[in-house]
Every structure is written in C-alpha cells, then in structure tokens.
Amino acid sequence: MTTERTLPNRRRFVSTSLAGLSLAALGQNTEGADGSTPKVEVALPPLPYANDALMPYLDEDTVRIHHGKHHGGAVKVLKRTLDQMEKALGAQDFSGSKGLCRSLAYYGSSHILHSIFWTNMTPDGGGRPSGALAKRIDQDFGSFDAFRGHFLASSNSAPASGWGLLAYHHGLDRLLILQVEDHEGGTLWGVEPLLACDVWEHAYYLKYQNLRADWTRTFMDHLVHWKDVERRFEHAVHSGA
Ligand code: MN3
C-alpha cells in the first residue's frame, strides 16, 4: 500500500473516529480552512512556551520530560495504532480489534488531553475568566469560587492516573466537571474538554512530590490561561455537536 493511498485513509479515519470522542479544537492550528471544522493532527504539538517558562510553579525538567517523553510517547503509539488498524482493515483481519480499540481510546485521549493541557497554561496565568465563560460558570456552578472548589476537589480525588476536567456538554448545554480515569474513563458522551489538569504523578512529582493538592491549587491560581479556556468554550458553544 502506497503512502499516497494510506495518508488520505488515515486522515479520514482520524476525522471520523477521533472527532467522535470529542477531540475538537486542540490548539491554534486545528481548525479547517473554513474555520468551522476542527482537525486533529496526529503529531506532537510544540509547546507554546519554553520548557522553563512556567517556573517557579512548574519546573523545567517536569515540562521537558512530560511533553517530550510522556506526550510524545503517546503520539507514537497512537500513530502505530492507526497504522495497524489500517492494515487490519485492508487485510480484513480483525483478530486484534479489541486491543486496537483500547489503544485508540487510551492513547488518542492521552494525546487530546495533553494537547489541551499545554495550551491551558501560560507563564502569567491564574486569576479569573471573563466574558461569556465567566457568566456561564456563574450560571452552571453558582460562582467562580464554587467552580474552583469543585474542580480542585475532583482533581485531588481523581485516581492516581487521572485528570481533573472542565468540559462543555453540547446536548445538555452546560459546563460539567469530570474526573477522568487514565485518559478516557469517567466521562460521558458529548462533552468537549475545555480545561484539563493532569494529576498523573509524572505531571507534578518532581516538584510537589506527594502533595497533589499543592499542584492543583498552583495550577488553578498561577498557571491557567483563561483566554485559551474562553476561546475553547466559545468554539464549543458555537460549533454544536
Ligand atoms: Mn501527563
């Protein structure tokens, strides 16, 4: 099978299968030419800042290893999974379908959440959202403080391999806080992730050791890039599902 044949197939597969997992709007370069169709690139996105830019709140080694090795590793396996799936479909050999589906969900979701996580942070982060997102947080959670408390408590009590997540649900038309198990569990269909806090130990252990609550509080109060979250929210509300 030639590259010319496999590439369009793979792209079509990604756009149909991964989009179904609400993998939309990963970063700055993910929208289609018409500005309305989110695209998922199966590639490691560059960080929007230097490895040491988030200091003193997040150390250089953690960012470098997390981005390059953990996220980069997930992208490699996702690519391999898609290649294997394409071969299996071509050969109509479905003996490995169970493993391929599990790998797609796990590594695909890892890639999506990590891509969002990096852009959710900025060196001058923290504070509070503004505009439509601020109003919706008040509407759906009662107040920013209530949202903050619920988000932190959910993040702090997530499984050792998990995430705290703020998401928008298209069908319910409301914001939800979810507690993600690994990368793909603990969710419900129809959500678009907006703000992801990685609470796997690799995300914080070099600096915060066992003090996960210190990491999540620092993430919220000093690192969250609310403009990015606002952009994602506005895209989610206007894109439908
Ligand atoms: Mn991670």
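This text goes with the structure placed above it.
> Would you mind going over the nonpolar core in detail, with residue names and values included?
In globular proteins that are soluble, nonpolar side chains generally tend to be buried together. Met121, Phe147, Phe151, Leu166, Trp215 and Trp226 are the most contacted members of the largest nonpolar core, which has 49 residues in total. Elements with a minimum of two residues in this core: α3 (97-119), α4 (131-141), α5 (144-156), β1 (162-169), β2 (174-181), β3 (191-198), α7 (212-223) and α8 (226-239). Ignoring sequence-local partners within four residues, the contact set of phenylalanine 147 consists of Ile137, Phe141, Leu166, Ile177, Leu195, Met220 and Trp226.

> I'd like to hear about the pattern of salt bridges, residue by residue, with values.
Scanning the entire structure with this criterion turns up nine salt bridges. Where aspartate 214 meets arginine 217, a salt bridge forms, and the shortest distance between an N and an O atom there is 2.6 Å. Taken together, the positions of aspartate 214 and arginine 217, both in helix α7 and three residues apart, correspond to about one turn of that helix. Take arginine 217: its relative accessible area is 38%, and that puts it in the partly exposed class. Linking lysine 227 and glutamate 230 is a salt bridge whose minimum nitrogen-to-oxygen distance equals 3.4 Å. Of the two residues, lysine 227 and glutamate 230 both sit in helix α8, three residues apart, roughly one turn of that helix. For lysine 227, a relative accessible area of 53% gives the class exposed. Each member of the salt-bridge network shares a partner with another, and the members are Arg136, Asp140 and Asp173.

> Go over the packing of α4 against α5, please, and point to the residues and values.
At their nearest, the axes of α4 and α5 sit 8 Å apart, and the two run at 75° to each other. Comparing the axis directions of α4 and α5 gives the class roughly perpendicular. Contact residues: α4 offers Ile137, Asp138 and Phe141, while α5 offers Phe144, Ala146, Phe147 and His150. The residue makeup of the contact of α4 with α5, split by class, is five nonpolar, one polar and one charged.

How each quantity is defined
Residues numbered from 1 in each chain as written. Predicted model: local features only at pLDDT ≥ 70, side-chain atom pairs only at ≥ 80, totals over all residues. Heavy atoms only, no water. Core = buried A, V, L, I, M, F, W, Y, C linked by side-chain atoms within 4.5 Å. Buried < 20%, exposed > 50% of the residue type's maximum accessible area, 1.4 Å probe, protein only. Helix = DSSP H or I, 4+ residues; strand = E, 2+ residues; numbered from the N terminus. Contact = heavy atoms within 4.5 Å. Salt bridge = Lys/Arg side-chain N within 4 Å of Asp/Glu carboxyl O. Axes fitted to C-alpha atoms, helices over the stretch in contact; angles between N-to-C directions. Parallel < 35°, antiparallel > 145°, perpendicular 65-115°, else oblique. Nonpolar A, V, L, I, M, F, W, Y, C, P; charged D, E, K, R; others polar.

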